Amino acid sequence: RSDGDRLAFSVIWEINSKTFETEHVDFHKSIIRSVASLTYKQAQSMIDDKNDKSELTASIRHLMKIAVKLRKRRNKAGALTLASPEVRFNLEKDTLNP
């Protein structure tokens, strides 16, 4: 949700910008304000749009590069990869039963 401040418990990782190794971890009570609430499809569209030069899109692209490098490192170390589809339910209007 991008509708104001929310109380949260945050984990702050400081990582090396070259090796992506974790250098420090800290836990804090915090107040967060989301800039946007995006679906995976919306975020992917922003990443794919070469004309989108917004600060939000640049941040998403940067996080994607970090995620790709971390995923490669986990897989190289023998991580188990599971394919799990997203589960959705259609609910009846009256009873809210699936």
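Refer to the structure above for everything that follows.
Residues numbered from 1 in each chain as written. Predicted model: local features only at pLDDT ≥ 70, side-chain atom pairs only at ≥ 80, totals over all residues. Heavy atoms only, no water.

This part takes up the packing of aromatic side chains. Using the criterion set out here, one finds one aromatic pair in the structure. When the ring of phenylalanine 9 is compared with that of phenylalanine 27, the centres are 6.5 Å apart and the planes differ by 20°; the resulting orientation is stacked. Linking phenylalanine 9 in strand E1 (residues 5-15) with phenylalanine 27 in strand E2 (residues 22-33), this pair joins segments that are 18 residues apart in sequence. Judged by its relative accessible area of 58%, phenylalanine 9 is exposed. Assessed through its relative accessible area of 52%, phenylalanine 27 is described here as exposed. (Phe/Tyr/Trp six-rings, centres within 6.5 Å; stacked < 30°, edge-to-face > 60°. Helix = DSSP H or I, 4+ residues; strand = E, 2+ residues; numbered from the N terminus. Buried < 20%, exposed > 50% of the residue type's maximum accessible area, 1.4 Å probe, protein only.)

Attention now goes to the pattern of salt bridges. Summed over all chains, the structure comprises two salt bridges. Measuring nitrogen to oxygen at the nearest pair gives 3.0 Å for the salt bridge that ties arginine 73 to glutamate 21. A residue pair is termed long-range when its members are at least 10 positions apart, and arginine 73 in helix H2 (residues 55-76) and glutamate 21 in the loop between E1 and E2 qualify at 52 residues. You can call glutamate 21 partly exposed: its relative accessible area is 43%. (Salt bridge = Lys/Arg side-chain N within 4 Å of Asp/Glu carboxyl O.)

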